[in-house]
Amino acid sequence: MAREKNEVSAARRVKHGAAWTIFFTVLSIFWILPLLIVLMNSFKRKAYIFKAPFSLSYIPLSRGFDRWAAGISKTFVGLKNYANAIQKTDFFKCFGYSIFITVVSVLLIVLFCSMTAWYVVRVKSVLSTTIYVLCMFSMIVPFQMVMFTLSKFANILHLSNPVGITIVYLGFGAGLAVFMFTGFVKEIPIELEEAACIDGCTPVQCFFRVIMPVMKPEIITVSILDAMWIWNDFLLPYLVLDIKKYRTIPIAVQFLKQSHGQIDWGAMMAVLVLAIIPIVIFYMAVQKYIIEGVVAGAVKG
Amino acid sequence: MSKTTKKYWPLFVLPTFAAFIIGFIVPFVYGIFLSFCKFTTVTDWKWTGLQNYTKIFYVNGKLDTTFLHSIWYTCLFTAVTVIIINVVAFLIAMALTRGIRGTNFFRTAFFLPNLIGGIVLSYVWLMIFNAILDDYSKTIVSTQWSAFWGLVIVVCWQQIGYMMIIYIAGIQNVPSDLIEAAKIDGANSHQIVKDVILPQLRPTITICTFLTLTNGFKLFDQNLALTNGNPGKMSQLLALNIYDTMYGTTGWQGVGQAKAVLFFIMVAVIALVQNKLTTQKEEVA
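Residues numbered from 1 in each chain as written. Chains lettered and ligands numbered in written order. Predicted model: local features only at pLDDT ≥ 70, side-chain atom pairs only at ≥ 80, totals over all residues.

**Digging into the overall build of chain A**
In step 1: On a plain count of helices and strands, chain A comes out with 14 helices and 0 strands.
In step 2: Ordered by position from N to C terminus, the α and β elements of chain A give α-α-α-α-α-α-α-α-α-α-α-α-α-α.
In step 3: Relative to a compact globule of 301 residues, whose C-alpha radius of gyration would be 19 Å, chain A shows 25 Å and is clearly more extended.
In step 4: Expressed along its principal axes, the backbone C-alpha trace of chain A runs to roughly 85 × 65 × 35 Å.
In step 5: Looking at chain A residue by residue over its 301 residues, the buried ones come to 44%.
In step 6: Look at the contacts in chain A between residues 6 or more apart in sequence, and 71% of them connect residues 24 or more apart. (Helix = DSSP H or I, 4+ residues; strand = E, 2+ residues; numbered from the N terminus. Rg over C-alpha atoms; globule rule 2.2 N^0.38 Å. Buried ≥ 20, exposed ≤ 12 C-beta atoms within 10 Å, placed from the backbone. Contact = placed C-beta atoms within 7 Å.)

See below:
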């Protein structure tokens, strides 16, 4: 970004800055309030979640502050919902599958699609053109179009497990990734590679030593976008995986409802918090890259 | 250079292409084929021609409006969310590019819901909605309109932050000398927005509009988790309607696949219009 974020042109610098800060502070708190309410309710006794969803105590404040305050300790059950939720969903196993599937799929997509993109740009052939056109085309096809056949084929090819599904993700994610990488490779000056070539590099060495380092920003962008997609994806793993054995976090959350008909809201609150915590941590750690990735992805995609 | 590289296609191209064939090409082509067949799995198909397509609209000689209902329900939903998301995201982005203290924190907060997946988000809101509606002995799926607005709130809450980020980037790219010049020429802040910033933002607006448009059209997770199509099938958006047809009743897989083909055509038309608009813009610029 050419300009510093803080540097705002004088013509647009806001008046009444303090008032705006207060306004947006209130608005942001309201914005994340649903998450805070879920956090609070995740520690409550199941029966009181719907009796007093927005209060610390199940006794209404209208009956006097003392009685309200006395009710607080009875309203909360500590970590009981969490123990229940972890046991019901086998949460840590699901978490492990989610991590594994996301990380491996993203690595495969980034590695193979950047290689393919470079080849497609540098080698003019029927194969290159075909791949590029097909990748563009695949981006406009909604998942519902292929969900039935894809899940059946994955089953026939024994891809219904956490390892196999990464290949499905590589195939289904290739369109956007190849498209974005080609856009970037086109901007790399060919002289850069030719210089390496004269030094006697094979194309493989050339790609990994010269091209890949240059593509780092784009690789981060694609990684972020695909990680967000795969981590939160529900329908594809739900249909492709053998869900009796393997569940990702979104599937586990959805199953908490399905398997009992009535939702166990205590366990549900806890599992929602458990599902959100890793995302918040990840967001705080790499916020800068996420924001840049979103912008780059929107402009190129 | 290019000739030596060409020989390396099994390494550079084959892994992606093989996965692409398994993950996309074969399912896509076979999916189109199966839309003309009666089947319960991929091997027991029987050619039935256009029967699946007519069965979308006519069942036993009677008009079935479920699919038509979900088409206009989806269109309405998409129109409402596109407008709300883009207007609100733009307004927030305008405010958050004016040097307000705490801007970084506000951006972080607004963007956060976007990282949480549709299923998890929907259960967060299902709890909130039903807790509020509990006092009136109602739930979010009491009517198709409460379901509608419930979905609108969830989706807006999720996507406003995302679009805000894109708008912020767009606004920051408006050359500041343009704004200064307008100011010197005596433009008021309303005119600066209308005559300087908005025209400069046209590519950004196009991108955000189409992102929200396709997101709305293809919405599935939130629909499944928040309303599951209830009451009846009245709050089924297209993607859920297709899913329900395909997996809800045996013997209807073919009809579901045929619906999916129609769905694909609708999404493709939107994408082509977008492509046309964006390339035009680039030529002008």
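**Details of the overall build of chain B**
In step 1: Secondary structure assignment for chain B yields 14 helices and 4 strands.
In step 2: Its C-alpha atoms give chain B a radius of gyration of 24 Å, clearly above 19 Å, the size a compact globule of 285 residues would have.
In step 3: Taken along its principal axes, the extent of the C-alpha atoms in chain B is 75 × 75 × 30 Å.
In step 4: Sorting the 285 residues of chain B into buried and exposed places 44% on the buried side.
In step 5: Sequence-distant contacts in chain B: of pairs separated by 6 or more residues, those separated by 24 or more amount to 70%.

**Some points on the packing of helix α1 (residues 17-41) of chain A against helix α6 (residues 103-115) of chain B**
In step 1: One way to put it is that α1 of chain A packs onto α6 of chain B with a least axis distance of 9 Å and a crossing angle of 25°. As summarised for this structure, α1 of chain A and α6 of chain B are arranged roughly parallel, according to the angle between their axes. Remark: the crossing between α1 of chain A and α6 of chain B carries left-handed chirality. For the pair α1 of chain A and α6 of chain B, contact is made by Phe-24, Ser-28, Trp-31 and Ile-32 of chain A and by Phe-105, Phe-106, Ala-109, Phe-110 and Leu-112 of chain B, respectively.
In step 2: Residues that form the contact of α1 of chain A with α6 of chain B fall into these classes: 8 nonpolar, 1 polar and no charged. (Axes fitted to C-alpha atoms, helices over the stretch in contact; angles between N-to-C directions. Parallel < 35°, antiparallel > 145°, perpendicular 65-115°, else oblique. Left-handed = near helix turned anticlockwise from the far one by under 90°. Nonpolar A, V, L, I, M, F, W, Y, C, P; charged D, E, K, R; others polar.)

**Describing unusual backbone geometry**
In step 1: Each neighbour pair has its own omega, and for Asn-230 of chain B with Pro-231 of chain B the value is -5°, a cis peptide bond.
In step 2: In the Ramachandran plot, Asp-90 of chain A falls in the positive-phi region, its phi being about 55° despite a non-glycine side chain.
In step 3: In this model, Ser-137 of chain B sits at a positive phi of 50°, which is unusual for a non-glycine residue.
In step 4: Mapped onto the fold, Ser-137 of chain B is located in the loop between α7 (118-134) and α8 (144-172).
In step 5: In this structure Ser-137 of chain B comes out as exposed when scored by C-beta crowding, with 7 C-beta atoms within 10 Å.

**Description of the interface of chain B and chain A**
In step 1: Listed per partner, the contact involves 82 residues of chain B and 80 residues of chain A.
In step 2: Top element by residues in the side of chain B that touches chain A is helix α3 (residues 14-34) of chain B. It accounts for 15 residues.

**Quick word on the confidence of the model for chain A**
In step 1: Per-residue pLDDT for chain A has a mean of 88; in total, 94% of the residues score no lower than 70.
In step 2: In this model, residues 1-6 of chain A is a region of pLDDT below 50 whose contacts with residues beyond four sequence positions or in other chains number 2 contacts. (pLDDT = per-residue confidence, 0-100.)

**Describing the domain arrangement of chain B**
Residues and elements named next belong to chain B.
In step 1: Here chain B is described as being made up of domain 1 (2-58) and domain 2 (62-284).
In step 2: Its C-alpha centre places domain 1 at a distance of 30 Å from the equivalent point of domain 2.
In step 3: The interface of domain 1 with domain 2 comprises 15 residues on the first partner and 13 residues on the second.
In step 4: Elements with a contribution of two residues or more to the side of domain 1 that touches domain 2: α3, β1 (37-38) and α4 (51-57).
In step 5: Among the elements that line the side of domain 1 that touches domain 2, the one with the most residues is α4, at 5 residues.
In step 6: Classifying every residue of the side of domain 1 that touches domain 2 gives 8 nonpolar, 5 polar and 2 charged. (Domains from an automatic or database assignment.)

**Observations concerning the domain arrangement of chain A**
All names here are of chain A.
In step 1: If you check the domain split of chain A, you get domain 1 (17-82) and domain 2 (89-300).
In step 2: Measuring from the centre of the C-alpha atoms in domain 1 to the corresponding centre in domain 2 gives 37 Å.
In step 3: With 10 residues of domain 1 at the contact, the number on the domain 2 side is 8 residues.
In step 4: Elements that contribute at least two residues to the side of domain 1 that touches domain 2 include exactly α1, α2 (46-49) and α4 (80-89).
In step 5: In terms of residue class, the side of domain 1 that touches domain 2 is built from 6 nonpolar, 3 polar and 1 charged.

**What to know about α4 of chain A**
All names here are of chain A.
In step 1: Looking at α4, one finds that the buried residues are Asn-81, Tyr-82, Ala-85 and Thr-89. Across the axial projection of α4, the buried residues extend over an arc of 100°, all falling on one side.
In step 2: Phi for Asp-90, located one or two positions after α4, is positive at around 55°. (Arc of directions from axis to C-beta.)

**Thoughts on helix α13 (residues 238-248) of chain B**
In step 1: Within α13 of chain B, 8 of the 11 residues are buried, leaving the element largely enclosed by the surrounding structure.
In step 2: Turning to α13 of chain B, its buried residues number three or more, namely Leu-238, Ala-239, Leu-240, Asn-241, Ile-242, Tyr-243, Asp-244 and Thr-245 of chain B.

**Focus on the nonpolar core**
In step 1: In terms of nonpolar packing, the biggest core is built from 156 residues, with Ile-109, Val-271 and Leu-272 of chain A together with Val-120, Tyr-123 and Met-164 of chain B touching the most fellow members.
In step 2: Beyond its immediate sequence surroundings of up to four residues, Met-164 of chain B is in contact with Ala-89, Ile-92, Ala-93 and Phe-110 of chain B. (Core = buried A, V, L, I, M, F, W, Y, C linked by C-beta atoms within 7 Å.)

**Details of the confidence of the model for chain B**
In step 1: Looking at chain B, the pLDDT average stands at 90 and 98% of residues meet or exceed 70.
In step 2: Confidence metrics for the complex model read pTM 0.91 and ipTM 0.90.

**Section: the environment of Phe-95 of chain A**
In step 1: With respect to the helices and strands, Phe-95 of chain A occurs in helix α5 (residues 91-122).
In step 2: For the pair formed by Phe-95 of chain A and Val-126 of chain A, sequence separation is 31 residues and the distance between their alpha carbons is 43 Å.

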